[in-house]
Amino acid sequence: MSILNLLRIAFRALKRNKLRAFLTMLGIIIGVAAVIAMMAIGQGSKQSIQASLSSMGSNMITVMPQSNTQGSVRLAGSSIQTLKLEDIDAIKRLHSDNINGLSPVVSSSGQAIKAGNNWPTSITGVSPDYLNIRQLKLLDGILFSDNDVRKSAKVCLLGKTVIDNLFPDGSNPIGQIIRFKSIPFQVIGTLVPKGQSNFGQDQDDIIIAPYTTVQNRITATNYLQSIYASAVSEAASDAATQEITNAVRESHKLLPNQDNDFQVRTQAELISTISSTSSMLTVLLTAIAGISLLIGGIGIMNIMYVSVTERTREIGLRMSIGARGKDILMQFLIEAVLISITGGVMGVLLGVTSAYLISYFLSWPILISQSSIVISFVVCGITGIFFGYYPAQKASRLDPIEALRYE
């Protein structure tokens, strides 16, 4: 019997029991929709995090103090003072072709004040290279110069959040004086807004000033909290990292058998780590959602057993007029696959719609890939064949005489 005729028979059989067919599909529909929605959310989050980290500078290299243990107390890297300006000089002396930007970083939290307005924020002391390393751009005004750094000039750049809170009337902050911990700073530039990061951090809540100014006038220390560098390309990041490591080890006079008292991290490492974690969570969520597909498959098997039992006399009659066992097998197998595929189509539509609704109402990033839809259809087909085969095989092995006698 042709496949077309078998499809017609299967379609008529499902049409006779519309409600039962729909309830059978429901497990497949929910399973496919859940898988597509979870994959869309997982992939969207992964892509958003990667884009956010790349926007900070995909070639960025960070040098930080290494956490260690003193006695029974483990100290965080931020509380250890091992990085100094001598380390910056040691890296500069490399004249490396792999490094095209270098900036010390020292910061302090405090209250920024302008007339009757104030705002709790932080000030970050850096060199002019910092903006290129972190891919920050000026919206208005100018960047402080190397001469400002040498003179410890009291000048600064403001992020949008600080501007909105210190200048609520919308006045131009350029040229005006603000105070940070009672130290006056002249605003010489404003930064292009970057918004909130995926980690919930407001990237515009910042004041940037020359690092010498922050060291000499605010923190009163000659230690650095970190060093930011930029490789000429992502491909050169590993070579630049190794050169920086060797230079800082030499600056710290560490022996070959001594561990580093600092750590060097690249943005690529961070992106890789977070992407790996995000992928694992996506797989976990998809696997949990996939349980619904398994339940849907079991539902198909159960209904096909019922269908075989209900139609035993029909099977016997078809066999008695010449239908072969493989024709009966294909008939019920096609019914199972038809239920599964139809449920898959409805599940894809529900999953895509759900993903967009989640993105619209919750503002979650989503990414619906064609591969997830194709995989869903393939899984639906396999589910229909796997769970429909045994009932179909049972139907194909019925004795025609016994089947005709069945009440």
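Values in this document were obtained by computation on a predicted structure and should not be read as measured data. (Residues numbered from 1 in each chain as written. Predicted model: local features only at pLDDT ≥ 70, side-chain atom pairs only at ≥ 80, totals over all residues. Heavy atoms only, no water.)

K.L.:
Give me the UniProt feature "transmembrane region" (unreviewed entry) in the protein chain: which residues, what numbers.
P.N.:
Per the UniProt entry, the sites bearing "transmembrane region" (unreviewed entry) are residues 21-42, 280-308, 329-358 and 364-390 in this numbering. Helix makes up 100% of residues 280-308 and strand 0%. Its end C-alpha atoms lie 42 Å apart. Segment residues 329-358 splits into 100% helix and 0% strand. End C-alpha atoms: 42 Å apart. (UniProt positions renumbered as here; feature names shortened; annotations may be inferred. Helix = DSSP H or I, 4+ residues; strand = E, 2+ residues; numbered from the N terminus.)

K.L.:
I'd like a rundown of the packing of aromatic side chains, residues and numbers included.
P.N.:
Under the criterion given, the structure shown has four aromatic pairs. With centroids separated by 6.0 Å and ring planes inclined at 65°, the aromatic side chains of Tyr305 and Tyr390 adopt a geometry described as edge-to-face. With Tyr305 in helix H9 (residues 267-310) and Tyr390 in helix H12 (residues 370-396), the pair connects residues that are 85 residues apart, well separated along the chain. Residue Tyr305 is classed as partly exposed on the basis of its relative accessible area, which comes to 22%. Summarising the aromatic geometry, the rings of Tyr360 and Phe361 are spaced 5.0 Å apart at their centres and angled 90° between planes, so their arrangement reads as edge-to-face. Taking the relative accessible area as the measure of exposure, Tyr360 reaches 63% and is therefore exposed. By relative accessible area, Phe361 is classed as exposed at 61%. (Phe/Tyr/Trp six-rings, centres within 6.5 Å; stacked < 30°, edge-to-face > 60°. Buried < 20%, exposed > 50% of the residue type's maximum accessible area, 1.4 Å probe, protein only.)

K.L.:
Lay out the domain arrangement of the protein chain with the relevant residues and their values.
P.N.:
Interfaces are often sized by the amount of accessible area the parts lose when they come together. Under the domain assignment used here, the protein chain contains domain 1 (3-52 + 273-404) and domain 2 (81-260). Using C-alpha coordinates to define each centre, domain 1 is positioned 56 Å away from domain 2. (Domains from an automatic or database assignment.)

K.L.:
Describe in detail the pairing of strand E10 (residues 183-191), supporting the description with residues and values.
P.N.:
For E10, a buried count of seven out of nine residues is recorded, marking the element as mostly surrounded by other parts of the structure. Pairing of strand E7 (residues 138-141) with E10, which is carried by three bridges, proceeds in the antiparallel orientation. Across the sheet, the residue bridging to Leu138 is Leu191, located in E10. Across four bridges, the pairing between strand E8 (residues 155-158) and E10 is parallel. Directly across from Val155, in E10, lies its bridge partner Gln186. In this structure, the hairpin formed by strand E9 (residues 177-180) and E10 is closed by a connection of two residues, where Lys181 is found at a positive phi of approximately 50°. (Pairing = 2+ DSSP bridges.)

K.L.:
Describe a nonpolar patch on the surface, and please don't skip the residues or the numbers.
P.N.:
Among the surface-exposed residues, Leu19, Phe22, Leu23, Leu26, Ile30 and Met346 lie close enough to one another that they form a single nonpolar patch of about 540 Å² accessible area. The element best represented in the nonpolar patch is helix H2 (residues 18-55), accounting for five residues. As for its position among the elements, Leu19 is in helix H2. (Patch = residues over 30% accessible without salt bridge, like charges linked within 9 Å, V, L, I, M, F, W, Y side chains within 5 Å. Areas by Shrake-Rupley, 256 points an atom, 1.4 Å probe, with all protein chains shown as cover. Salt bridge = Lys/Arg side-chain N within 4 Å of Asp/Glu carboxyl O.)

K.L.:
So what's going on with the packing of helix H1 (residues 3-16) against helix H11 (residues 325-362)? Residues and values would help.
P.N.:
The interhelical angle for the contact between H1 and H11, taken along N-to-C directions, is 60°, at an axis separation of 9 Å. The orientation of H1 with respect to H11, classified from their angle, is oblique. H11 is crossed by H1, and the crossing has right-handed handedness. Residue-level inspection shows Ile3, Leu6, Leu7, Ile9, Ala10, Phe11, Ala13 and Leu14 of H1 in contact with H11, the latter providing Asp327, Met330, Gln331, Ile334, Glu335, Leu338 and Ile339. Along the lines of polarity and charge, the residues of the contact of H1 with H11 split into 12 nonpolar, one polar and two charged. (Axes fitted to C-alpha atoms, helices over the stretch in contact; angles between N-to-C directions. Parallel < 35°, antiparallel > 145°, perpendicular 65-115°, else oblique. Left-handed = near helix turned anticlockwise from the far one by under 90°. Contact = heavy atoms within 4.5 Å. Nonpolar A, V, L, I, M, F, W, Y, C, P; charged D, E, K, R; others polar.)

K.L.:
Go over helix H8 (residues 237-251) with me, naming the residues and quoting the values.
P.N.:
When the terminal C-alpha atoms of H8 are compared, their 21 Å separation across 15 residues agrees well with the 21 Å that a helix rising 1.5 Å per residue should span. Tucked inside the fold, the buried residues of H8 contact strand E1 (60-65), helix H3 (85-92), strand E5 (99-114), strand E13 (226-231) and strand E14 (262-266). Positioned one or two residues after H8, Lys253 has a phi angle of 55°, which is positive. (Expected span 1.5 Å × (residues − 1).)

K.L.:
Account for the environment of Lys160, naming residues and giving values.
P.N.:
With respect to the helices and strands, the residue Lys160 is situated in helix H6 (residues 160-166). For the pair Lys160 and Val192, spaced 32 residues apart in the sequence, the C-alpha separation amounts to 7.5 Å. Setting aside residues up to four positions removed in sequence, Lys160 forms contacts with Pro193 and Asp204. Here the side chain of Lys160 touches Asp164 through a polar contact of 2.8 Å, side chain to side chain. (Polar contact = N/O pair within 3.5 Å; in protein donor to acceptor, adjacent residues only side chain to side chain.)

K.L.:
Run through the side chain of Thr24, naming residues and quoting values.
P.N.:
Residue placement: Thr24 occurs in helix H2. From its side chain, Thr24 meets the backbone oxygen of Arg20 in a polar contact 2.7 Å long. Beyond its immediate sequence surroundings of up to four residues, Thr24 is in contact with Gly296, Gly299, Ile300, Ile303 and Ile339.

K.L.:
Lay out the pairing of E5 with the relevant residues and their values.
P.N.:
Sheet topology note: the E5/E13 ladder contains six bridges and is antiparallel. Its bridge partner being in E13, Leu102 is matched across the sheet by Ala229. In this structure, E5 lies alongside strand E6 (residues 117-126), joined through nine bridges in antiparallel fashion. Across the sheet, Ser107 pairs through a bridge with Thr124, a residue of E6. Where E5 folds back onto E6 in an antiparallel hairpin, the turn is made up of two residues, including Ala115, whose phi is positive at roughly 55°. Where E5 lies against E9, two bridges are found, and the strand directions are antiparallel. Bridge assignment links Ala112 to a residue of E9, and that residue is Phe180.

K.L.:
Can you break down unusual backbone geometry residue by residue, with the values?
P.N.:
Of note in this structure, His95 is not a glycine but carries a positive phi near 50°. Among the secondary structure elements, His95 is positioned in the loop between H3 and E5. Exposure remark for His95: the relative accessible area of 68% places this residue in the exposed category.

K.L.:
Can you tell me about helix H7 (residues 211-219), naming the residues and giving the values?
P.N.:
Listing the buried residues of H7 in full gives Tyr211, Thr212, Thr213, Val214, Gln215 and Ile218. Directly beyond the C-terminal end of H7, a positive phi value near 50° is found at Ala220.

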